[in-house]
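Take a look at the letters that make up each chain.
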Amino acid sequence: MNTATQRSIFRWIHLIFSIPILGYIYSPFEKLPDYAPPTRYVFLPVMVLSGFWMYSGVFFAIIGVALWLAAIYLFGYGAAILSQVALFIARKIWLVIRARRSK
C-alpha cells in the first residue's frame, strides 16, 4: 500500500472517530455518563493513534496512545495532555539528535 492511500485511510478514520466526540461535547448533560467511557477509552485513543500515525509514524503513535491511556486512567486529563506535550518535545529532541549524527 502506498503512503498516499495509507494517509487517506488514517485521515478518514480520524474524521469518523471525531463524530462521537462532538456528540459527547454537545449532548445534554443528563446523557454524559452514558457517553463518557466509550469516548474516553475508545474514540479518543483511536483519534490519537491515527493522528500520531499520520504525523510521526507508528512508533510514536503506539507510544502516544499508551501514554494517553495510562495518564488519563491514573491521573486525569491534565496529566494526559501534559504527557502528549512531553512526547512531542521528546520527538523533537530525538529528531534534532538524529539530524546532528547524520552530519
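First, a word on what this report is: a plain description of the structure on this page. (Residues numbered from 1 in each chain as written. Predicted model: local features only at pLDDT ≥ 70, side-chain atom pairs only at ≥ 80, totals over all residues. Heavy atoms only, no water.)

With respect to the overall build of the protein
- Counting its regular elements, the protein contains 4 helices and 0 strands.
- Secondary structure of the protein in N-to-C order comes out as α-α-α-α.
- Taking all 103 residues of the protein together, 24% fall into the buried category.
- Taking the intrachain contacts of the protein between residues at least 6 apart in sequence as the baseline, contacts between residues at least 24 apart amount to 51%.
- Put simply, the protein shows about 7400 Å² of open surface, and 72% of that area lies on carbon and sulfur atoms. (Helix = DSSP H or I, 4+ residues; strand = E, 2+ residues; numbered from the N terminus. Buried < 20%, exposed > 50% of the residue type's maximum accessible area, 1.4 Å probe, protein only. Contact = heavy atoms within 4.5 Å. Areas by Shrake-Rupley, 256 points an atom, 1.4 Å probe, with all protein chains shown as cover.)

Quick word on helix α2 (residues 32-56)
- The largest bend in α2 comes to about 50 degrees, at T39.
- Residues of α2 that are buried include every one of A36, T39, P45, M47, V48, S50, F52 and S56, and no others.
- Next to the buried residues of α2 lie α1 (3-26), α3 (58-74) and α4 (77-102).
- Of the residues flanking the end of α2, it is G57, one or two places downstream, whose phi is positive at about 105 degrees. (Bend = angle between axes of the 7 residues up to and from the residue.)

A closer look at the packing of α2 against α4
- Running from amino to carboxyl end, α2 crosses α4 at an angle of 15 degrees, the nearest separation of the two axes being 14 Å. Taken together, α2 and α4 sit at an angle that is classed as roughly parallel. In this structure, α2 crosses over α4, and the sense of that crossing is right-handed. Mapping the contact onto sequence places R40, V48, F52, Y55 and S56 in α2 and Y77, Q84, L87, F88 and R91 in α4.
- Of the residues belonging to the contact of α2 with α4, the class tally is 6 nonpolar, 2 polar and 2 charged. (Axes fitted to C-alpha atoms, helices over the stretch in contact; angles between N-to-C directions. Parallel < 35°, antiparallel > 145°, perpendicular 65-115°, else oblique. Left-handed = near helix turned anticlockwise from the far one by under 90°. Nonpolar A, V, L, I, M, F, W, Y, C, P; charged D, E, K, R; others polar.)

Here we look at the side chain of S83
- Here S83 is to be found in helix α4.
- With relative accessibility at 12%, the residue S83 sits in the buried group.
- Apart from residues no more than four positions distant in its own chain, S83 is found in contact with L67 and A71.

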